[in-house]
Amino acid sequence: MPCYSFFNEDFREHALKTYECMVNDARINAAIKKLVTINGWQDYEKLIRGAVLIAGALHDIGKGITYYQRGDLRRFKCHDFIGSTIMCNITQSIKDLGLPNDVMVFIWKVLIGLPLLHLYLHRDWLTYEECKDAIENIQLSEECIVAVREILGVITNRERDITQLINALIKSLANVGVISKNHMVFAQALYNAFNGIPSSDRYGNDPDLKILGDTEFTKKYNWFFEVTTAVLNECDDKAAKG
């Protein structure tokens, strides 16, 4: 049984079509070139590009939970939020890659942020009640875990310079079970930050929440997320149509 992104659409195929589209979009490279020039991150240009492409390919990872995969495969309400929560879970290992802290934080927010923002969530935060059924069952299906591994494997063969990053994600994926609900709070903190809502005073002293809820960061890099999210939306639409 495959992993589905819609009742008539294979998750793996849709993800790789989206990836191919983003690879060939000049706006991605232009935005990354500007980003690394401004920050002096030229040594990490390929790694940042890889993170954008991975996040784009896995933008629908929230659809991969068993709750959706065993449903009617037509309605995936909250899959953006759930996808971001899953990415919070499987990206923890990038903290051990030895990257400069500012680069690591940026890459972390890209990997979590694009799945979160790919539907242009310019609305009030979904309440727990609206997403309750799905939130109570955040567990990737076995078929979708296999599909995600295969997607990352394809990207590894194309993006040799980011093998270390992909291996870290695959390692975390191997240990994924029921997704920690603590990471839902992380996803919400990042969403609030993108919308200018301070989170640091609301979520205690957790260092990760302070990082994700940093509104100054999102003000500084909002332009980058607007460009990459716009490209992702277009590529998502093209992949769905053919």
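Refer to the structure presented above.
All values reported here derive from a predicted model rather than from experimental measurement.

1. What to know about the overall build of the chain
Part 1 of the argument: Looking only at helices and strands, the chain features twelve helices and two strands.
Part 2 of the argument: Secondary structure of the chain in N-to-C order comes out as β-β-α-α-α-α-α-α-α-α-α-α-α-α.
Part 3 of the argument: A sequence separation of at least 24 residues applies to 78% of the contacts in the chain between residues at least 6 apart.
Part 4 of the argument: When the accessible surface of the chain is split by element, carbon and sulfur atoms take 49% of a total near 10700 Å².

2. Focus: the packing of aromatic side chains
Part 1 of the argument: As enumerated under the stated definition, the model contains 13 aromatic pairs in all.
Part 2 of the argument: Relative to Phe-217, the ring of Phe-106 lies with its centre 6.0 Å away and its plane at 50°, an arrangement referred to as tilted. Taken together, the residues Phe-106 in helix H6 (residues 101-117) and Phe-217 in helix H12 (residues 215-241) connect sequence positions 111 residues apart.
Part 3 of the argument: Residue Phe-217 is classed as buried on the basis of its relative accessible area, which comes to 10%.
Part 4 of the argument: Residues Phe-106 and Phe-224 carry aromatic rings whose centres are separated by 5.2 Å and whose planes lie at 65° to one another, so their mutual orientation is edge-to-face. In this pair, Phe-106 sits in helix H6 while Phe-224 sits in helix H12, placing the two residues 118 residues apart along the sequence. The same class applies to Phe-106 and to Phe-224, which are both buried.
Part 5 of the argument: The ring of Phe-7 is capped by Arg-74, whose NZ or CZ atom sits 3.9 Å from the centre of that ring.
Part 6 of the argument: Over the face of the ring belonging to Phe-217 we find Lys-109, whose NZ or CZ atom lies 3.8 Å from the ring centre.

3. Here's the deal with the state of the cysteines
Part 1 of the argument: Evaluated as defined, the whole model comprises two disulfides.
Part 2 of the argument: Between the sulfur atoms of Cys-3 and its disulfide partner Cys-144 the distance amounts to 2.0 Å. Taking the torsion about the S-S bond as the criterion, the Cys-3 to Cys-144 disulfide, at about 95°, is right-handed. Of this pair, Cys-3 sits in the segment before strand S1 (4-6) while Cys-144 sits in helix H8 (residues 142-158), and the two are 141 residues apart along the sequence.
Part 3 of the argument: Residue Cys-144 is classed as buried on the basis of its relative accessible area of 1%.
Part 4 of the argument: Between Cys-21 and Cys-235 runs a disulfide, and the two sulfur atoms are separated by 2.2 Å. Taking the sign of the torsion about the S-S bond as the criterion, the disulfide between Cys-21 and Cys-235, at about -70°, is left-handed. Here Cys-21 is found in helix H1 (residues 11-23), whereas its partner Cys-235 is found in helix H12, with 214 residues between them in sequence. Per residue, the accessibility class of Cys-21 equals that of Cys-235, and both read buried.

4. Regarding the side chain of Lys-109
Part 1 of the argument: With respect to the secondary-structure elements, Lys-109 resides in helix H6.
Part 2 of the argument: Lacking a salt bridge, the buried Lys-109 has Asp-214 as its closest oppositely charged neighbour, with an N-O distance of 5.0 Å.
Part 3 of the argument: Within polar-contact distance, the side chain of Lys-109 engages the backbone oxygen of Ile-211 at 2.6 Å.
Part 4 of the argument: In contact with Lys-109, not counting residues within four places along its chain, are Leu-114, Leu-190, Ile-211, Leu-212, Asp-214, Phe-217 and Phe-225.

5. Some points on the environment of Leu-99
Part 1 of the argument: Tracing the sequence through the fold places Leu-99 in the loop between helix H5 (79-90) and H6.
Part 2 of the argument: Spatially, the C-alpha atoms of Leu-99 and Tyr-44 are 9.1 Å apart, while their sequence positions differ by 55 residues.
Part 3 of the argument: Excluding residues within four positions of it along the chain, Leu-99 makes contact with Tyr-44, Leu-47, Met-104 and Ile-107.

6. A few points about helix H2 (residues 26-39)
Owing to its 3.6 residues per turn, the α-helix aligns residues three or four sequence positions apart on the same side.
Part 1 of the argument: Taking 1.5 Å per residue, 14 residues should reach 20 Å; H2 reaches 20 Å between its end C-alpha atoms and fits that length.
Part 2 of the argument: Those residues of H2 lying buried are Ile-28, Ala-31, Ile-32, Leu-35 and Val-36. In an axial view of H2, the angular spread of the buried residues amounts to 125°, which keeps them on one side of the axis. For H2, the exposed residues lying more than 90 degrees away from the buried face are Ala-26 and Ile-38.
Part 3 of the argument: Tucked into the core, H2 has its buried residues touching H1, helix H3 (45-57), H6 and H12.
Part 4 of the argument: Phi turns positive one or two residues past the end of H2, at Gly-40, with a value near 70°.

What counts as what
Residues numbered from 1 in each chain as written. Predicted model: local features only at pLDDT ≥ 70, side-chain atom pairs only at ≥ 80, totals over all residues. Heavy atoms only, no water. Helix = DSSP H or I, 4+ residues; strand = E, 2+ residues; numbered from the N terminus. Contact = heavy atoms within 4.5 Å. Areas by Shrake-Rupley, 256 points an atom, 1.4 Å probe, with all protein chains shown as cover. Phe/Tyr/Trp six-rings, centres within 6.5 Å; stacked < 30°, edge-to-face > 60°. Buried < 20%, exposed > 50% of the residue type's maximum accessible area, 1.4 Å probe, protein only. Lys NZ or Arg CZ within 6 Å of the ring centre and 35° of its normal. Disulfide = S-S within 2.5 Å. Lys, Arg positive; Asp, Glu negative; His and termini not counted. Salt bridge = Lys/Arg side-chain N within 4 Å of Asp/Glu carboxyl O. Polar contact = N/O pair within 3.5 Å; in protein donor to acceptor, adjacent residues only side chain to side chain. Expected span 1.5 Å × (residues − 1). Arc of directions from axis to C-beta.

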